[in-house]
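Observations on the model geometry
Spelled out, the chains give:
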Amino acid sequence: MILEVDGLQIHYGTAGGTVRAVDGASFAVPEGRIVGLVGESGCGKTTAVRAIMGVLAENGRRAGGRVVFKGKPIDETNTRPLLWRDIAYVPQSAMSSLDPVYTVGAQIVEVLTKRGRHGKTAARARAAELFDLVGLSENRLRDYPHQFSGGMRQRAAIAMALALEPSLLLADEPVTALDVIVQRQILDTLRALQQRLKLSMVLVTHDISVVAYLCDEVVVMYAGQVIESGPVREVLGRPRHPYTMGLRNAFPDLMSDALELVPIAGSPPDLADPPPGCRFTPRCPFALAACSTRPAAIGSDRAGAGNAHVSACLRDGEADHLRTFALDPVTWQRSSAYATS
Amino acid sequence: MAALVSVRDVVKHFPVSRSLGEVVRRARPVVRALDGVSFEVGAGDAVAIVGESGCGKTTLGRLMLKLVEPTTGSISFDGAALGGLKGPALREFRRQAQLVFQNPFDALNPRFTIYRAVAEPLVNAGIAEAEHADRIAAAFRRVHLPDLDRYLDKYPHQLSGGQLQRVVLARALVLAPRFLVADEPVSMLDVSVRAGILALMREVRDAMGLTAIYISHDLALVRYLCDRTLVMYLGTIVEDGPTEEIVRRPRHPYSRALVAAVPVPDPDQSRQPLPIKGNVPDAREPPSGCRFRDRCPHAFARCADEPPPLRAIADGHRVACHLEIA
């Protein structure tokens, strides 16, 4: 495992009290694999990634847990030297990470000379090489960010992230703002680069179809916790946690014969005051009385070089049975017997 | 069924800022947002307009609501040309045709209470204040927010995204319109909530007998809303037909690329390579002839010489491609 996150707790101090944005999340990234970190807004996926890089917002702090990179525990005191060289970041909106008043080339050269040890001439040659790698013409290095289309800016941001040959790439919604055709081109580029450069990658997204297309493994987060993880084919093909089952039903599928999307009633809990027990209980059609008092632990089994399929559900033993019920839209119309609101 | 909305040869050019050279040459460069678009929408129909950013879909929606005027061509609503509407007839059109905004978080004024936001269209339409409460209550029932007292005094930031989108929809319905244009109505919502809003929009449409246009970049989503889809590319309609036909058997090479590019949540789905290269060209200087030709794997000489007309290949299915005609 190139990266291990163990019982991570991130708290934000707000006027409304302490928000437990990440509350005991554990997952691991196998070397040379692409892991999708998936969940809806506010589930803690972006916070988790920012915590790995040691760049939390001012009111955020790590309240517990460990992050281990290549066998070495890291936190905000010692991640800075790792950034760019070992761990690099691709943001959702490349426009906000690129400075509008410098050419794109100048910004890549700056990373290479200031963060790396390249001389000016070598840096320029390397910048051209990087542009070529991500499918941009090297004469566009002289352009300013506003002269690029959204897809080109995203390619430039990927080129910049790869400048100092990191081994782990953290990408936060890298294709979300893009049109589908451009999105596909960027995903294909990411996959090709990952294989060619033997990268390990964490892809943060809300889009399970992007996970299905690109990722080897997936970690599903809900309300600050990891509720299911494992190989993509298993987790999305045979989900074991009711939330993942619900997500599959709610997600549009261009090739599916079912012409009905099934919503999950309710909304995620307030993380300043999360319910005890499993946090999905108020929205779960399969919840038992015990679910609202006792949180289910999630295992962390290994399967060969990767992670095994695990789920944090008290009824995990009945998952195959529940899944057949989850396919019926009627199941999701019945509100949980343990709804709190 | 008779057409409620009819769009004929609509062209819309937007002027763009000029370079010094263009000023000297007295050139007036324009973005050709729409370049000859014609279609009809039957009363009670739901039509999706899909395409990538810059294809003209949002401009088309705004033209149908008379929020912008076409450069040439005409649009009529219920038999009357929008260009000639004035006074009481224009006010009546404004009541009958409503826009559902894209982003519920931006669509409502953060300093207005929900009541004020929903009452605003009633005030603008000159509806007597005595009727407001009943009309608002009816609109809130339609969008399944029956306990409206819980919401009316709140401000937008106190509501969840799903609740806000229901309020935005209620605001569009409060004048009992006949025609709705929804521009990316759910793109900002979380997946688990989005499905509920889509079902609600279908239900409202059926219950009120609305004619609706859904503008979206997401072909996978419109499948759950519309029986008919228009595919747009660089200001032109390239394909117009039954949504399921377009999804299962896309005829235009661009529609095929669009369908192939949409990711599906099934990890066992076979991955076809993208049958298209490059990027959408600059709308200031679109290619001659067929606008898709420089990215089309099947382009031949004729494609550069003449733009392919949008022609019927089956009942209710039109395609603008020289290959279909040849």
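This text follows the structure it describes.
Counting from 1, residues in each chain are numbered in the order their sequence is written. As a convention, the first chain written is A and the first ligand written is 1, with the rest following in written order. Only residues with pLDDT of 70 or above have their local features reported here, since the model is predicted, and side-chain atom pairs are shown and tallied only from 80 upward, although totals for entire chains, interfaces and linings are computed over all residues.

1. Observations concerning the overall build of chain A
Applied cut-off: Going along the chain from the N terminus, every DSSP run of H or I of four or more residues is numbered as a helix, and every run of E of two or more is numbered as a strand. We take the radius of gyration over the C-alpha atoms and set the globule estimate at 2.2 Å times the residue count to the 0.38 power. Exposure classes come from backbone-placed C-beta atoms, where a residue is buried if 20 or more other C-beta atoms lie within 10 Å of its own, exposed if 12 or fewer do, and partly exposed in between. With C-beta atoms placed from the backbone, a contact is any residue pair whose C-beta atoms sit within 7 Å.
Helices and strands together make up the secondary structure of chain A, namely 11 helices and 13 strands. A compact globule built from 341 residues should have a C-alpha radius of gyration of about 20 Å, and chain A, at 21 Å, falls within 12% of that. Considered along the principal axes of its C-alpha atoms, chain A spans approximately 65 × 45 × 45 Å. Burial statistics for chain A: of 341 residues in total, 52% are counted as buried. For chain A, the proportion of contacts with a sequence separation of at least 24, taken over those separated by at least 6, is 66%.

2. Observations regarding the overall build of chain B
Along its length, chain B carries 13 helices and 12 strands. The C-alpha atoms of chain B give a radius of gyration of 21 Å, which matches the 20 Å a tight globule of 326 residues would have. Structurally, chain B occupies a C-alpha span of about 65 × 55 × 45 Å along its principal axes. Per-residue burial over chain B gives 46% buried out of 326 residues. If you take every contact in chain B between residues at least 6 apart in sequence, the share linking residues at least 24 apart comes to 66%.

3. Regarding the sheet that holds strand S4 (residues 72-77) of chain B
Residues and elements named next belong to chain B. Let me state the cut-off plainly: The pairing criterion is simple: DSSP has to find at least two bridges between the two strands.
In spatial order, the strands read S2-S1-S4-S5; together these 4 strands make up an open sheet with antiparallel pairing. With partners counted over all chains shown, the strands left at the sheet margins are strand S2 (30-42) and strand S5 (80-81), one partner each. Relative to S4, strand S1 (residues 3-15) is paired through 5 bridges, and the arrangement is antiparallel. Along S4, the bridge assignment pairs Arg8 with Ser74.

4. What about helix H5 (residues 150-161) of chain A?
All names here are of chain A. Heads up, the condition is: The length a helix should cover is 1.5 Å for every residue beyond the first.
Between its terminal C-alpha atoms H5 stretches 17 Å, which fits the 16 Å expected from 12 residues at 1.5 Å a residue. Most of H5 sits out of view: 11 of its 12 residues are buried. In this structure, the buried residues of H5 make contact with strand S6 (87-90), helix H2 (94-97), helix H3 (104-115), helix H4 (120-133), strand S7 (168-172) and helix H6 (180-197).

5. Here's the deal with the interface of chain B and chain A
Our working rule: For this classification, the nonpolar set comprises Ala, Val, Leu, Ile, Met, Phe, Trp, Tyr, Cys and Pro, the charged set comprises Asp, Glu, Lys and Arg, and every other residue, Gly included, is treated as polar.
Each partner contributes to the interface: chain B provides 36 residues, whereas chain A provides 34 residues. If you list the elements that add at least two residues to the side of chain B that touches chain A, you get helix H8 (191-208), helix H9 (219-222) and helix H11 (253-261) of chain B. Residue contributions to the side of chain B that touches chain A peak at 8 residues, all from H8 of chain B. Here the side of chain B that touches chain A is built from residues that sort into 21 nonpolar, 8 polar and 7 charged.

6. Details of helix H6 (residues 129-142) of chain B
Three or four residues apart is the spacing at which side chains of an α-helix point the same way, because the helix has 3.6 residues per turn. Residue and element names in this part refer to chain B. The test is simple: Arc, as used here, means the arc of the directions from the helix axis to the C-beta atoms.
End to end, H6 covers 21 Å across 14 residues, agreeing with the expected 20 Å (1.5 Å per residue, within 8%). Buried within H6 we find Ile136, Ala139, Phe140 and Arg142. Taken end-on, H6 shows its buried residues confined to a sector of 145°, consistent with a single buried face. In this structure, H6 carries Ala130, Glu131, Asp134 and Arg141 as exposed residues pointing more than 90 degrees from its buried face.

7. Thoughts on the pairing of strand S1 (residues 3-14) of chain A
All names here are of chain A. Pairing between S1 and strand S2 (residues 17-29): 10 bridges, direction antiparallel. Looking across to S2, one finds that Thr14 is bridged to Gly17. Linking S1 to S2, which pair antiparallel, is a turn of 2 residues.

8. Quick word on the sheet that holds strand S8 (residues 211-216) of chain B
All names here are of chain B. Worth spelling out the cut-off: To get an axis, a line is fitted to the C-alpha atoms, and for a helix only the part in contact is used. The angle between two axes follows their N-to-C directions and goes from 0 to 180 degrees.
Strands sit in the order S6-S7-S8-S3-S9-S10-S12-S11 across an open sheet of 8 strands; the sheet is mixed. Each edge of the sheet is formed by a strand with only one pairing partner; in this case those strands are strand S6 (97-100) and strand S11 (311-314). Within this sheet the neighbouring strands show an average axis-to-axis angle of 25°, counted without direction. Pairing between strand S7 (residues 179-183) and S8: 5 bridges, direction parallel. In the sheet register, Phe179 faces S8, and the bridge partner there is Thr211.

9. A word on the environment of Ala122 of chain A
All names here are of chain A. Checked against the element boundaries, Ala122 lands in helix H4. Of the residues examined, Ala122 has 14 C-beta atoms within 10 Å and is grouped as partly exposed. Separated by 147 residues in sequence, Ala122 and Pro269 place their C-alpha atoms 52 Å apart.

10. Some words on the pairing of S11 of chain B
All names here are of chain B. Relative to strand S12 (residues 317-319), S11 runs antiparallel, the two being bridged by 3 bridges. What sits directly across from Ala312, in S12, is Arg318. What sits between the antiparallel neighbours S11 and S12 is a turn of 2 residues, in which Gly316 has the positive phi angle 70°.

11. A look at the packing of helix H5 (residues 114-124) of chain B against helix H7 (residues 161-173) of chain B
Residues and elements named next belong to chain B. Cut-off, in case you're wondering: With respect to orientation, any angle under 35 degrees is reported as roughly parallel, any angle over 145 as roughly antiparallel, any angle of 65 to 115 as roughly perpendicular, and every other angle as oblique.
Put simply, H5 and H7 touch, their axes get as near as 7 Å, and they point 30° apart. Taken together, the axes of H5 and H7 are roughly parallel relative to one another. Taking contact as the criterion, the partners of Ile114, Ala117, Val118 and Pro121 in H5 are, on H7, Val167, Ala170 and Arg171. By residue class, the composition of the contact of H5 with H7 is 6 nonpolar, no polar and 1 charged.

12. Some points on the environment of Gln158 of chain B
Residue and element names in this part refer to chain B. Position of Gln158 among the secondary structure elements: in the loop between H6 and H7. A residue is classified by how many C-beta atoms lie within 10 Å of it, and Gln158, with 12 of them, is exposed. Note: C-alpha distance between Gln158 and Asp315 (157 residues apart in sequence) is 49 Å.

13. A look at the environment of Arg240 of chain A
Along the chain, the position of Arg240 of chain A falls in the loop between helix H8 (232-237) and helix H9 (242-250). Sequence-distant contacts of Arg240 of chain A, that is, excluding residues within four places in its chain, are made with Glu228, His309, Ser311, Cys313, Asp316 and Ala319 of chain A.

14. Focus: unusual backbone geometry
Of note, the phi angle at Ala223 of chain A is positive, near 50°, even though the residue is not glycine. Structurally, Ala223 of chain A can be placed in the loop between strand S9 (217-222) and strand S10 (225-231). Since 24 C-beta atoms lie within 10 Å of it, Ala223 of chain A is described here as buried. At Arg26 of chain B, a position not held by glycine, the phi torsion is positive, near 55°. Accessibility expressed as a C-beta count within 10 Å gives 7 for Arg26 of chain B, which makes it exposed.

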